[in-house]
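Coordinates in review
Here is what each chain is made of, one letter per residue.
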Number of protein chains: 2
Amino acid sequence: MKTIKRSMHRKNKIKKNPIPNYYIAVDLGGTNIRTAVVDEHGQILDRLQILTLAHQGAEQVLIRIKKLIYQLLKQTKTIYRIAAIGIGSPGCIDVMQGTVLFATNNLPGWKGTNLRAALETGFAIPVFVDNDANTAAYGEKFCGAGKTVSNFIAITIGTGVGGGIIINNEVYRGHNFYGGEIGHMTICYNGPKCNCGNFGCLEAYISASALVDFSIRMIQTNPKTKLGTMLAKNRNRLTPETIYHAALQGDIVAKKIITEAGYHLGIGLSNLINLFSPEMIAIGGGIAQSGTLLFTPARKEIRNRALFINERSIPIVPTKLGVDAGLIGAGLLAKQYYQSLK
Amino acid sequence: MKTIKRSMHRKNKIKKNPIPNYYIAVDLGGTNIRTAVVDEHGQILDRLQILTLAHQGAEQVLIRIKKLIYQLLKQTKTIYRIAAIGIGSPGCIDVMQGTVLFATNNLPGWKGTNLRAALETGFAIPVFVDNDANTAAYGEKFCGAGKTVSNFIAITIGTGVGGGIIINNEVYRGHNFYGGEIGHMTICYNGPKCNCGNFGCLEAYISASALVDFSIRMIQTNPKTKLGTMLAKNRNRLTPETIYHAALQGDIVAKKIITEAGYHLGIGLSNLINLFSPEMIAIGGGIAQSGTLLFTPARKEIRNRALFINERSIPIVPTKLGVDAGLIGAGLLAKQYYQSLK
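Below you will find a few notes about this structure. Each chain carries its own residue numbering, running from 1 in the written order of its sequence. Chains and ligands are labelled sequentially in the order written, the chains with letters from A and the ligands with numbers from 1. Reporting of local features is limited, given that this is a predicted model, to residues whose pLDDT is at least 70; pairs of side-chain atoms are given and counted only at 80 or more, and all residues count toward the totals for whole chains, interfaces and linings. Heavy atoms throughout the structure, all of them, feed into the side-chain values; hydrogens and water do not.

**Here we look at the overall build of chain A**
Check the secondary structure of chain A and you find 11 helices and 12 strands. Just to be clear, the radius of gyration here is over C-alpha atoms, and the globule rule we use is 2.2 Å times residues to the power 0.38. Computed over the C-alpha atoms, the radius of gyration of chain A is 22 Å, within 12% of the 20 Å expected from 2.2 N^0.38 for a compact globule of 342 residues. In terms of its C-alpha atoms, chain A occupies a principal-axis envelope of roughly 85 × 50 × 40 Å. Throughout this description, buried means an accessible area under 20% of the type-specific maximum (1.4 Å probe, protein chains only), exposed means over 50%, and partly exposed covers the range between. Across the 342 residues in chain A, those meeting the buried criterion constitute 59%. By definition, residues are in contact when any of their heavy atoms lie within 4.5 Å. A separation threshold of at least 6 residues defines the contact pool for chain A, and within that pool the share at least 24 residues apart is 63%. As displayed, chain A offers around 15500 Å² of accessible surface, 53% of which is attributable to carbon and sulfur atoms. For this count, His and the chain ends are skipped, Lys and Arg are scored as positive, and Asp and Glu as negative. To locate a charge, take NZ of a lysine, CZ of an arginine, CG of an aspartate or CD of a glutamate. In chain A, 38 side chains carry a positive charge and 21 a negative one; their mean positions are 9 Å apart. To qualify as a helix, a DSSP run of H or I must reach at least 4 residues; to qualify as a strand, a run of E must reach at least 2; elements of each kind are numbered from the N terminus. In this description, accessible areas are obtained by the Shrake-Rupley approach with a 1.4 Å probe, and a residue is regarded as covered only by the protein chains that are shown.

**Topic: the sheet that holds strand β8 (residues 152–157) of chain B**
All names here are of chain B. If you trace the five strands from one edge of the open sheet to the other, you get β10-β9-β8-β11-β12, paired in mixed fashion. In this open sheet, the two strands that pair with only one neighbour each are β10 (170–172) and β12 (316–318). If you compare each strand with its neighbour and ignore which way they point, the axes differ by 30° on average. Pairing of β8 with strand β9 (residues 161–167) involves six bridges; the strand directions are antiparallel. Directly across from Phe152, in β9, lies its bridge partner Ile166. Set on the sheet, helix α4 (residues 132–143) makes contact with β8, β9 and β10; between it and β9 the angle comes to about 50°. Strands β11 (280–284) and β12 of the sheet are contacted by helix α10 (residues 292–305), whose axis makes an angle of about 160° with β12. Paired strands are those between which DSSP finds at least two bridges. As a rule, the C-alpha atoms of each element are fitted with a line to give its axis, helices using only the stretch in contact, and angles between N-to-C directions run from 0 to 180 degrees.

**A word on the interface of chain A and chain B**
The interface of chain A with chain B comprises 42 residues on the first partner and 41 residues on the second. Summed over both sides, the interface between chain A and chain B buries roughly 3800 Å², with carbon and sulfur atoms accounting for 59% of that surface. Put simply, a salt bridge is a Lys or Arg side-chain nitrogen that is within 4 Å of an Asp or Glu carboxyl oxygen. Linking chain A to chain B there are zero salt bridges. Identification of polar contacts relies on pairs of N or O atoms within 3.5 Å, with a donor-acceptor requirement for protein atoms, meaning one able to donate a hydrogen and the other able to accept it, and with residues adjacent in sequence counted only if both atoms are side-chain atoms. If you look at where chain A meets chain B, you find 30 residue pairs in polar contact (both at pLDDT 80 or more). Each of two parts loses accessible area, computed with a 1.4 Å probe, when they are put together; buried area is these two losses added.

**A look at the environment of Ala261(B)**
Residue and element names in this part refer to chain B. Along the chain, the position of Ala261 falls in helix α9 (residues 252–276). Remark: the alpha-carbon pair of Ala261 and Ile281, spanning 20 residues in sequence, is separated by 16 Å. When neighbours within four sequence positions are excluded, Ala261 is seen to be in contact with Ile206, Leu211 and Leu294.

**So, the sheet that holds strand β9 (residues 161–167) of chain A**
Residue and element names in this part refer to chain A. Strand order in the open sheet made by the five strands is β10-β9-β8-β11-β12, with mixed pairing throughout. Looking at the sheet topology across the chains shown, the edges are occupied by β10 (170–172) and β12 (316–318). For this sheet the average axis-to-axis angle between neighbouring strands, irrespective of direction, equals 30°. The sheet strands contacting helix α10 (residues 292–305) are β11 (280–284) and β12, and the helix crosses β12 at an angle near 160°.

**Notes on unusual backbone geometry**
Residues and elements named next belong to chain A. Residue Ala124 is not a glycine yet carries a positive backbone phi of 55°. Mapped onto the secondary structure, Ala124 falls in the loop between α3 (115–123) and β7 (127–131). Of the residues examined, Ala124 reaches a relative accessible area of 68% and is grouped as exposed.

**Description of empty space enclosed by the protein**
Only protein atoms enter the 1 Å grid used here, on which a cavity is any set of points holding a 1.4 Å probe that cannot leave and a pocket is any open set flanked by protein within 12 Å on both sides along at least five of seven lines; residues with an atom within 4 Å of a point are listed as lining. Grid points are joined across faces, edges and corners, and a volume is the space filled by probe spheres set on the points. In this structure the tally under the stated criterion is one cavity of 30 Å³ or more. Here the largest cavity is characterised by a volume of approximately 30 Å³. Lining the largest cavity, in full, are Tyr172(A), Asn151(B), Phe152(B), Ile153(B), Ile165(B), Ile166(B), Ile167(B), Phe276(B), Ser277(B) and Pro278(B). Only β8 and β9 of chain B provide two or more residues apiece to the lining of the largest cavity.

**A short note on the nonpolar core**
Note on soluble globular proteins: their nonpolar side chains tend to be buried together. Phe276(A) and Phe276(B) are the most contacted members of the largest nonpolar core, which totals 106 residues. Other than its neighbours up to four places away in sequence, Phe276(B) contacts Tyr172(A), Gly174(A), His175(A), Gly179(A), Leu275(A), Phe276(A), Ile153(B), Ile165(B), Ile167(B) and Tyr172(B). The criterion is simple. A nonpolar core is a set of buried Ala, Val, Leu, Ile, Met, Phe, Trp, Tyr and Cys residues joined through side-chain atoms within 4.5 Å.

**A word on the environment of Leu51(A)**
All names here are of chain A. Relative to the helices and strands, Leu51 resides in strand β3 (residues 44–51). It is 9.8 Å that separates the C-alpha atoms of Leu51 and Leu28, two residues lying 23 residues apart in sequence. In this structure Leu51 touches Thr31, Asn32, Ile33 and Arg64, once residues within four positions along its chain are discounted.

**Overview of the pattern of salt bridges**
If you walk through the whole model with that rule in mind, you get 13 salt bridges over all chains. A salt bridge links Arg34(A) to Asp27(A), with the nearest nitrogen and oxygen atoms 3.8 Å apart. Given a relative accessible area of 12%, Arg34(A) falls into the buried group. On the basis of relative accessible area, Asp27(A) is assigned to the buried category, the value being 15%. Ionic pairing is found between Glu301(B) and Arg305(B), a salt bridge with its closest N-O pair at 2.7 Å. Residue Glu301(B) and its partner Arg305(B) are both found in helix α10; the two are separated by four residues, about one turn of the helix. Per residue, the accessibility class of Glu301(B) equals that of Arg305(B), and both read buried.

**Overview of the relation of the copies chain A and chain B**
Alignment of copies: least-squares fit on C-alpha atoms of residues with pLDDT of at least 70 in both copies. Each copy of the sequence occupies a distinct position, and chain A is placed on chain B by a rotation of 180° and an axial shift of 0.0 Å, giving an RMSD of 0.0 Å. Expressed as an axis order, the relation between the two copies is that of a two-fold axis. In terms of C-alpha distance to the rotation axis, chain A has Cys188(A) as its closest residue, with the C-alpha 1.8 Å off the axis. Taken as a fraction of all interface residues of chain A, those also at the interface in chain B reach 98%, which identifies the copy contact as same-surface.

**Quick notes on the pairing of β8(B)**
All names here are of chain B. Burial of β8 is extensive: five of the six residues sit out of reach of the surface. Here β8 folds back onto β9, and the loop between the two strands holds three residues. Note that β8 and β11 share five bridges and pair parallel. Each bridged residue has a counterpart across the sheet, and for Ile153 the counterpart in β11 is Ile281.

**Considering the side chain of Asp251(B)**
All names here are of chain B. Looking at the element boundaries, Asp251 is found in the loop between α8 (240–248) and α9. For the buried Asp251, no salt bridge is present, and the opposite-charge side chain at shortest range is Lys226, 6.0 Å distant. A polar atom in the side chain of Asp251 sits 3.1 Å from the backbone nitrogen of Leu227. When near neighbours in sequence (up to four residues on either side) are disregarded, Asp251 contacts Thr225, Lys226, Leu227 and Ala246.

Okay, here's the thing in structure tokens:
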């Protein structure tokens with residue numbers, strides 16, 4: 001009797017504590033490929049990164065991704081049971097097929113790549129591919145700024161302006177995965193030219209290059225400022241981060257640039273609020289460091305433009321996970337995909 | 001044995017053909033209250049309408065709605081088994097509670113009205129309340145222009161610009177039902193003042209009053225046109241419909257007004273396409289009669305502004321059900337609600 005009880009007890013114990021699954025997350029960028037082992041709760045356990053060397057073409061990038069994953073698996077000495085691979089890639093991704101429908105110019109030849117097929121052949125485990133803004137938003141939703149809400153938007157302001165929309169705890173991708181292009185929402189149809197070829201997109205006002213362009217124009221008329229001196233020394237040093245630091249040191253031009261960015265950001269966010277009514281919006285990327293300097297004018301413009309705004313609270317906050325958001329999100333999306341296959 | 005078989009057969013027959021349910025649909029407008037009996041497939045069988053007389057206040061409007069429903073039931077001599085009531089109301093609606101969270105100025109005192117409580121007490125059947133742009137979009141989705149698609153947006157251009165967003169065959173309302181405010185999307189932040197108090201909303205460019213204002217300005221500089229003559233005779237005759245008819249007769253100013261409206265509409269639609277990636281967008285309201293005159297510049301602007309537009313086909317079409325869309329949608333939403341209660 002005792003023996004039976006014990007064995008039953010052991011059986012129950014095994015059921016309650018099965019061997020945990022781990023996931024390989026890949027965050028593919030124009031400059032670096034980053035990879036990590038992520039646990040079921042989105043914690044990063046091991047990581048590795050190499051240069052993307054995108055100019056070598058899609059095939060070489062694919063080889064480098066595979067190599068990096070092998071290296072990570074070797075490094076972790078197979079102590080983890082890896083259940084699936086999750087990848088965040090720039091461009092528009094068919095998440096059903098795991099194929100890159102479109103890619104930006106910084107990944108030449110990437111369009112048409114079937115990442116799922118390529119990696120499932122190599123590693124014989126399920127592979128889930130999504131747009132990198134979606135993986136980042138998913139990471140922030142479950143482990144970062146958006147933990148407490150179900151309807152959430154995360155925006156990353158960098159070279160471009162990318163965003164991920166979470167509705168009822170799921171990534172919203174639109175029909176055929178073409179939706180969620182937050183950066184290419186027109187906020188002023190006769191505004192400045194955007195990288196996409198159109199005029200007045202949000203990206204054309206607040207991306208890193210838009211801010212640098214605006215700074216150069218501002219400095220031409222106000223050369224005797226900290227930013228002016230910086231630009232005179234080395235034009236390449238002008239980035240959203242250096243603008244922010246100049247603003248911190250009291251540079252009036254730098255302050256104006258960030259305030260304007262906050263104003264334009266606020267117009268874009270008002271549109272998202274009027275259309276999606278999220279519970280929270282998180283902003284990441286270099287310029288988001290600027291804190292109140294960016295967020296105060298953005299919030300002011302939201303109070304002006306978003307309907308019913310006095311009746312609801314929509315926190316506009318900085319992201320929490322930094323560049324790890326994409327890895328964590330890719331890991332958690334791999335987990336979701338793996339569980340859906342069971 | 002034979003008897004048993006027969007009775008089983010009868011039982012099956014009854015199961016297959018139960019008594020059908022019908023629904024009372026109400027479409028509440030600033031001018032008229034319209035009501036109808038709608039069958040399970042969205043067909044309108046009987047209808048009645050009276051003036052809203054909104055200036056008499058919310059309580060009187062509620063009494064008039066009740067009266068109209070009683071009259072409709074009397075008229076149909078209870079030949080239909082009415083299972084539920086569906087109502088489309090202007091304003092922001094808490095569909096869980098059936099309460100009006102916000103209402104526009106053309107329904108004074110309407111804010112805070114609990115339509116569900118008021119009507120469930122009176123009629124002792126379930127009541128479902130939604131925003132009127134949502135009921136119209138739902139109607140168009142299931143019985144009109146959007147029949148063949150699952151991801152659909154319907155926009156009505158009238159006094160205001162209202163829209164309903166359908167994602168995976170369900171109305172998308174956003175957190176706490178504040179979403180879907182298509183008319184108050186900023187398309188040019190330093191644009192004309194909107195009724196909501198902001199600047200550059202889509203509504204401020206293409207609503208009936210915006211078109212009339214634009215016409216008056218245009219006529220002042222071009223008085224010797226058909227529109228100019230019309231305006232000289234009777235300023236009140238100037239409506240989107242009369243502008244359209246003048247355009248049909250070759251009036252250059254009228255043509256320009258509609259072309260401009262199409263251009264601005266196209267910018268708004270591009271934003272919706274970039275964010276939601278619908279399969280189809282339907283446009284209703286007086287100005288939508290203008291056909292190619294409105295749709296051609298709108299489609300052109302979409303080709304300019306929507307990403308990946310060459311890789312997908314998003315038909316921009318006129319709505320099919322006219323003013324009945326709201327009634328049909330309210331009926332079908334009542335059916336969905338009734339079935340969810342089982």
